[in-house]
Amino acid sequence: SWTDLYRYLSEQHDATTIGVLLGMAASRRGSMEALVSKMLFLHLPATHPASFPEIELSPLVQASALLGVGLLYEGSCHRLMVETMLSEIGRRPSSGANAKAAAASGNTKGDDEGGVVTDREGYALAAGLSLGLVALGAGSNAAGLADLNLEKRLRYYMLG
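The structure reproduced in this document is the subject of the present report. All figures in this text were calculated on a predicted structure; none of them were measured in a lab.

What to know about the overall build of the chain
Item 1. Of regular secondary structure, the chain possesses eight helices and two strands.
Item 2. Across the 160 residues in the chain, those meeting the buried criterion constitute 38%.
Item 3. Across the chain, the fraction of contacts at a sequence separation of at least 24, relative to all contacts at a separation of at least 6, is 69%.
Item 4. Total accessible area on the chain stands at roughly 9,100 Å², and carbon and sulfur atoms take up 56% of it.

In structure tokens, the structure reads:
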């Protein structure tokens, strides 16, 4: 039940959270279910509105939530999800609460702006896999996605 899921997620144990997020997304693969989508996006601070309180989440949990979004929206070519995954692939490192938490744990790399980057490659990989799942089988013929120039933008992210 949803009450049990809340109890598991409120324990703030990374492995349990990752299991719940991926398990719920996989069990509802391709369904675009709103409740599961909300649960996944709650674990993606980059998508929160500015007025939302800061939540400290490990990069592994965030990457798992990204992958869960890909599973949940698998094959849908949902434009908003495609745009979200594209922006997450190319998102610049930030220096918010998550970066400060990572600095405290010692799992950090510095950037030019004084922010902290942790597991950036894994996060971008999860966003890329998720993008592939959302646009699964559509290729360059995806209805409503032609103006996004997916191939051009992905090539830019790879080659600069």
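From this point, the narrative continues.
What about unusual backbone geometry?
Item 1. Despite not being glycine, Gln12 has its phi angle at roughly 55°, a positive value.
Item 2. Position of Gln12 among the secondary structure elements: in the loop between helix H1 (2-10) and helix H2 (14-27).
Item 3. Phi at Met32 is positive, roughly 60°, even though this residue is not glycine.
Item 4. Assignment of secondary structure puts Met32 in the loop between H2 and helix H3 (34-42).

What about the pattern of salt bridges?
Item 1. By the definition in use, this model includes six salt bridges.
Item 2. For Arg29, the salt bridge goes to Glu74, with nearest N and O atoms at 3.3 Å. One end of the pair, Arg29, is in the loop between H2 and H3; the other, Glu74, is in the loop between helix H4 (59-72) and helix H5 (79-89), with 45 residues separating them in the sequence.
Item 3. When its relative accessible area of 54% is taken as the criterion, Arg29 is described as exposed.
Item 4. Across the pair Arg79 and Asp147 runs a salt bridge, and its minimum N-O distance is 2.8 Å. In this pair, Arg79 is assigned in helix H5 and Asp147 in the loop between helix H7 (120-134) and helix H8 (150-159), connecting sequence segments 68 residues apart.
Item 5. Bridged by salt links that share partners, the residues Arg79, Glu83 and Asp147 form one connected network.

Let's talk about the environment of Glu121
Item 1. Residue placement: Glu121 occurs in helix H7.
Item 2. Taking C-alpha positions, Glu121 is 10.0 Å from Ala63, a pair spaced 58 residues apart along the chain.

Here's the deal with the packing of aromatic side chains
Item 1. Inspection of the entire model under this criterion finds one aromatic pair.
Item 2. A centroid spacing of 6.1 Å and a plane angle of 55° characterise the contact between Tyr156 and Tyr157, whose relative ring orientation is tilted.
Item 3. Accessibility expressed as a relative area gives 54% for Tyr156, which makes it exposed.
Item 4. Positioned above the aromatic ring of Tyr8 is the side chain of Arg7, whose terminal nitrogen or guanidinium carbon lies 4.9 Å from the ring centre.

Let's talk about H2
Item 1. The first and last C-alpha atoms of H2 sit 20 Å apart over 14 residues, in line with the 20 Å expected at 1.5 Å per residue.
Item 2. Of the residues making up H2, those classed as buried are Thr17, Ile18, Val20, Leu21, Met24 and Ala25. For H2, the buried positions fall inside an angular range of 165° around the axis, keeping them on one side. Counted as exposed and oriented over 90 degrees from the buried face of H2: Ala15 and Ser27.
Item 3. On its buried side, H2 packs onto H1, H3 and H4.

Digging into the packing of H3 against H4
Item 1. Close contact between H3 and H4 brings their axes to 8 Å; oriented N to C, the two are set at 160°. Relative to H4, H3 is oriented roughly antiparallel. Judged by the twist between their axes, the crossing of H3 over H4 is left-handed. For the pair formed by H3 and H4, the contact residues are Val36, Ser37, Leu40 and Phe41 on the first element and Ala65, Gly68, Val69 and Leu72 on the second.
Item 2. By residue class, the composition of the contact of H3 with H4 is six nonpolar, two polar and no charged.

Conventions we followed
Residues numbered from 1 in each chain as written. Predicted model: local features only at pLDDT ≥ 70, side-chain atom pairs only at ≥ 80, totals over all residues. Heavy atoms only, no water. Helix = DSSP H or I, 4+ residues; strand = E, 2+ residues; numbered from the N terminus. Buried < 20%, exposed > 50% of the residue type's maximum accessible area, 1.4 Å probe, protein only. Contact = heavy atoms within 4.5 Å. Areas by Shrake-Rupley, 256 points an atom, 1.4 Å probe, with all protein chains shown as cover. Salt bridge = Lys/Arg side-chain N within 4 Å of Asp/Glu carboxyl O. Phe/Tyr/Trp six-rings, centres within 6.5 Å; stacked < 30°, edge-to-face > 60°. Lys NZ or Arg CZ within 6 Å of the ring centre and 35° of its normal. Expected span 1.5 Å × (residues − 1). Arc of directions from axis to C-beta. Axes fitted to C-alpha atoms, helices over the stretch in contact; angles between N-to-C directions. Parallel < 35°, antiparallel > 145°, perpendicular 65-115°, else oblique. Left-handed = near helix turned anticlockwise from the far one by under 90°. Nonpolar A, V, L, I, M, F, W, Y, C, P; charged D, E, K, R; others polar.

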